[in-house]
Amino acid sequence: MIKTKDPAPVDPAAVEVLAARVAVLSDYTIHFPNDKAESGANKALWEKYSKETIDISQKLAAEAGKGKGANEKEMVKLLKALDAKCTDCHGKFRDD
């Protein structure tokens with residue numbers, strides 16, 4: 001889960017690095033489903049979550065890449081969407 005303190009300012013440089021790393025990891029992850037996601041509907045859901053995470057991360061990296069001109073509200077919105085996607089996927093597939 002991504003933790004932020006509202007209304008702490010968002011550092012576009014840090015967000016850009018985070019988003020790029022998540023996009024790369026998700027692109028890798030899509031090809032390596034865990035045991036719960038190896039077949040059928042679960043595999044399709046794994047791929048869907050991975051693709052959506054990549055998409056959100058790329059949008060976030062693009063916005064944060066604007067540096068001081070980045071829209072902080074948009075970055076926060078995308079960070080929350082990314083957090084929700086991570087939470088959904090981990091809730092469905094993570095072994096605790």
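Residues numbered from 1 in each chain as written. Predicted model: local features only at pLDDT ≥ 70, side-chain atom pairs only at ≥ 80, totals over all residues. Heavy atoms only, no water.

(A) Just the overall build of the chain, in detail. For the chain, the helix and strand inventory stands at 3 helices and 0 strands. Counted from the first residue to the last, the chain has its helices and strands arranged as α-α-α. Seen through its principal axes, the chain has C-alpha atoms that stretch 45 × 20 × 15 Å. Of all intrachain contacts in the chain linking residues separated by at least 6 positions in sequence, the fraction that spans at least 24 positions is 71%. Carbon and sulfur atoms form 55% of the exposed surface of the chain, whose accessible area is close to 6,400 Å². Between the averaged position of the 16 positive side-chain charges in the chain and that of its 16 negative side-chain charges there is a distance of 3 Å. (Helix = DSSP H or I, 4+ residues; strand = E, 2+ residues; numbered from the N terminus. Contact = heavy atoms within 4.5 Å. Areas by Shrake-Rupley, 256 points an atom, 1.4 Å probe, with all protein chains shown as cover. Lys, Arg positive; Asp, Glu negative; His and termini not counted. Charge placed at Lys NZ, Arg CZ, Asp CG, Glu CD.)

(B) Seen up close, the environment of Glu74. Structurally, Glu74 can be placed in helix α3 (residues 72-93). Considered as a pair, Glu74 and Asp27 are 47 residues apart in the sequence and their alpha carbons are 23 Å apart.

(C) Representation of the pattern of salt bridges within the structure. Across all of its chains, the model carries 5 salt bridges by this definition. The salt bridge involving Lys48 is made with Glu52; its shortest N-O contact spans 2.8 Å. Placement of both Lys48 and Glu52 in helix α2 (residues 40-64) is noted, with a separation of 4 residues, approximately one turn of the helix. Of the residues examined, Glu52 reaches a relative accessible area of 24% and is grouped as partly exposed. (Salt bridge = Lys/Arg side-chain N within 4 Å of Asp/Glu carboxyl O. Buried < 20%, exposed > 50% of the residue type's maximum accessible area, 1.4 Å probe, protein only.)

Read these as layout, nothing more, since geometry by itself doesn't imply function.
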